[in-house]
Amino acid sequence: MTYQTTLPPLPIPDLRDTFARYLESIEPVVNSSEELAKTRELVADFIKPGGEGERLQARLHEYAAAQPQKGNWLEQWWFSKAYHEWREPLVANSNHSMLFVDDPNTPKELINAWLPRGTFTKWQVRRAAHVVSRMMDYKNLLDTGRLPIDKFPDGSPMCMWQYTQQFGVSRVALPGCDKVIGDHPSTSTHAVVLVRDQVYRIELVDPTDGKTRMAAGDIEQQLWSVIDQVQALTELDPPVGCLTADNRDGWATARAHLLKIDPVNNANALETIDTAVLCIALDDYGAGPSPDVNYRVIFHGQSARNRWFDKPFVVIFTATGAGGNNGEHSPCDALIPLDVFNFALLEPAPPVDVPIPTTGLLAKLPPPQRIRFTVDDEILNSITAAQKTAMAITTDSDTAVGSLSARGNTDIKKLVKVAPDAFVQMAFQLAYYQLHGEFVGTYETASVRKYFHGRTETIRTLSNESKAFVLGMTDASLPADKKLALLRRACVKHSQRTKDAMFGRGIDRHMLGLPRKDTEYNPPSIHPVFTDPVFARSGTWRLSTSALPFSPRMGVTGFGSVVWDNKGYGINYFMGPKLIRFNAEGRKSG
């Protein structure tokens, strides 16, 4: 990835341009003309010549210029403020999830089957071994620099750094602020396997030379060995993995206590999990035909059991062979593991009656190693508390999958003549207003991978134009042609905001960075523009949305809402030529 050094640094937008866009974006959410006038006064004071805004803008430029190896002025703040300082549980809040489509070789008797607890199947293990082996093929392409570079339509390269932040990576819970550990390329040779909350180590690469890959058949044999060992146990160890579903400070405290009560064994256990290339979770049941229920299995395990939520790859397979991934979000955005699974799922798993290759390496290795923790009453109490926390979240979380199979992006472009993504975003605006009768701050993800270590920027979907469209659509007296004109105008506005965000002319990341330099390196000096109620309201994302590229190998993708009442939604979606699929998450309480 030598081209990485040619990528431009993330730009710092012009101060007055940012606040001009900000003032325009807040107009649909202000409560009165007086409130808007007050916010305009605050902005004018902030950006005046020689004022606080210019001082903070200059300090931000100084900070950006001091970043080593060109750097990215936002990167460390984004890790800490968007993810690692957030102390809420990862499950259903921060992690993203993907439910795979069924493999075409799935046995007919397992398709949409309900299977009771205690069930493991040959197909489940076969598919798990196949997908993991394919993931290792992908890792080899990445590690050897043979992975094709993502490019924009004009042929310019995208930043590929996030691809290096997946394999062998883990989030570590620490008091106040977590961290991510892991190196690229990962030299780890192992995966961890979860079966009935028991943790085992299996080898993906020969640990004696660190190079020779295990074949899919070797992985399959090791998975069966783990299942056999677990089924032979007369007593199960406590579900330590549930601690990763707790509040982050709760998990940090428990993790520190684990290290205190057994500094050797528990440190080795945590290191084995933290450094694992990936995690495999085999669930001993089949969830039936509902895509909503199967997605929830991936999203939060329904009870947060048999998971380790700190890993970017927790590849899950139920007894029917239904599969998916639950991924810790901070190292990389969901688009990146999507590419891994598009590759891994491209080739169907061989039927269970077809022999698959083995290397013979397992003959010289010990069986899969059980990873056991030394626990005491304090840890057991922490596990109980974490289970209660996780159950409260998972029972409150509601998800729904919706599909439109007759129309897709081709028809939107042909018939409506607008950008398909903008069309869908306007549909969200209309639906929200019809449900709740109000206009709210709406977030859509824009990728800024044009820039070095670029992650995301906010597209503020709610606009004067989108508001006019929604009001027009709910006006029975307005002719259809007028409504269509309002839709097109709103879509044009949204497309312009999308372009601005992608090219470093967003609002929210700049406004995150401006006061940050002062509050972290000097006595706090927060200008009232950042404590203005309108600032908070406009950035309260009751509609948090994100699109992924269409993939015929993905059934459902999703994430949680960021406002936890019955008016907050997290919506992930993708569009194909003849398909639009949505997955919405919200909370029942509030």
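Structure first, text after, so check above.
Visitor: Explain the environment of Leu 90 to me, please; I cannot follow it from the model alone.
Guide: Among the secondary structure elements, Leu 90 is positioned in the loop between helix 4 (75-84) and strand 1 (96-100). Classification of Leu 90 as buried rests on a relative accessible area of 1%. For the pair Leu 90 and Ala 20, spaced 70 residues apart in sequence, the C-alpha separation works out to 35 Å. Beyond its immediate sequence surroundings of up to four residues, Leu 90 is in contact with Asn 95, Arg 171, Arg 248, Phe 309, Asp 310 and Glu 328.

Visitor: What is the right way to read the packing of aromatic side chains from this model?
Guide: Any pair of aromatic rings gets described here by the distance separating the centres and the angle formed by the planes. Throughout the structure, instances matching the rule amount to 24 aromatic pairs. With a centroid separation of 5.7 Å and 70° between ring planes, the pair formed by Phe 428 and Phe 582 is classed as edge-to-face. In this pair, Phe 428 sits in helix 13 (residues 420-436) while Phe 582 sits in strand 18 (residues 579-587), placing the two residues 154 residues apart along the sequence. When sorted by exposure, Phe 428 lands in the same class as Phe 582, which is buried. The rings of Phe 19, Tyr 22, Phe 46, Phe 530 and Phe 535 are connected pair by pair, giving a single aromatic cluster. One cation-aromatic arrangement involves Arg 134 over Phe 343; the distance from NZ or CZ to the ring centre is 4.2 Å.

Visitor: Could you clarify how one ought to interpret the side chain of Arg 248 in this entry?
Guide: Among the structural elements, Arg 248 can be located in helix 7 (residues 248-261). For Arg 248, the contacting residues outside a window of four places in its chain are Trp 86, Arg 87, Glu 88, Leu 90, Arg 171, Val 172, Ala 173, Asp 178 and Asp 310.

Visitor: Would you mind going over the pairing of strand 6 (residues 198-203) with me for this structure?
Guide: The two faces of the sheet receive side chains in turn, since in a regular strand these alternate between them. Along strand 6, five of the six residues are buried, which leaves the element largely enclosed by surrounding structure. In textbook terms, the turn of a hairpin is the stretch between consecutive antiparallel strands, and for strand 5 (residues 190-195) and strand 6 this stretch comprises two residues, one of which, Arg 196, has a positive phi near 50°. Of the strand pairs in this sheet, strand 6 and strand 11 (residues 369-371) are connected by three bridges, and their pairing is antiparallel. From the neighbouring strand, Tyr 200 faces strand 11, where its bridge partner is Arg 370.

Visitor: What is the right way to read the sheet that holds strand 13 (residues 442-447) from this model?
Guide: Across a sheet, strands are paired by hydrogen bonds formed along the backbone, either parallel or antiparallel in direction. Strand order across the open sheet formed by six strands is 12-18-17-15-13-14, with mixed pairing between neighbours. The sheet is open, and its two edges are formed by strand 12 (397-404) and strand 14 (456-460), each paired on a single side. Strand-to-strand, the axes of this sheet are offset by a mean angle of 25°, without reference to chain direction. Note: strand 13 against strand 14, five bridges, orientation antiparallel. By the bridge assignment for strand 14, Ala 446 is matched with Glu 457.

Conventions and cut-offs
Residues numbered from 1 in each chain as written. Predicted model: local features only at pLDDT ≥ 70, side-chain atom pairs only at ≥ 80, totals over all residues. Heavy atoms only, no water. Helix = DSSP H or I, 4+ residues; strand = E, 2+ residues; numbered from the N terminus. Buried < 20%, exposed > 50% of the residue type's maximum accessible area, 1.4 Å probe, protein only. Contact = heavy atoms within 4.5 Å. Phe/Tyr/Trp six-rings, centres within 6.5 Å; stacked < 30°, edge-to-face > 60°. Lys NZ or Arg CZ within 6 Å of the ring centre and 35° of its normal. Pairing = 2+ DSSP bridges. Axes fitted to C-alpha atoms, helices over the stretch in contact; angles between N-to-C directions.

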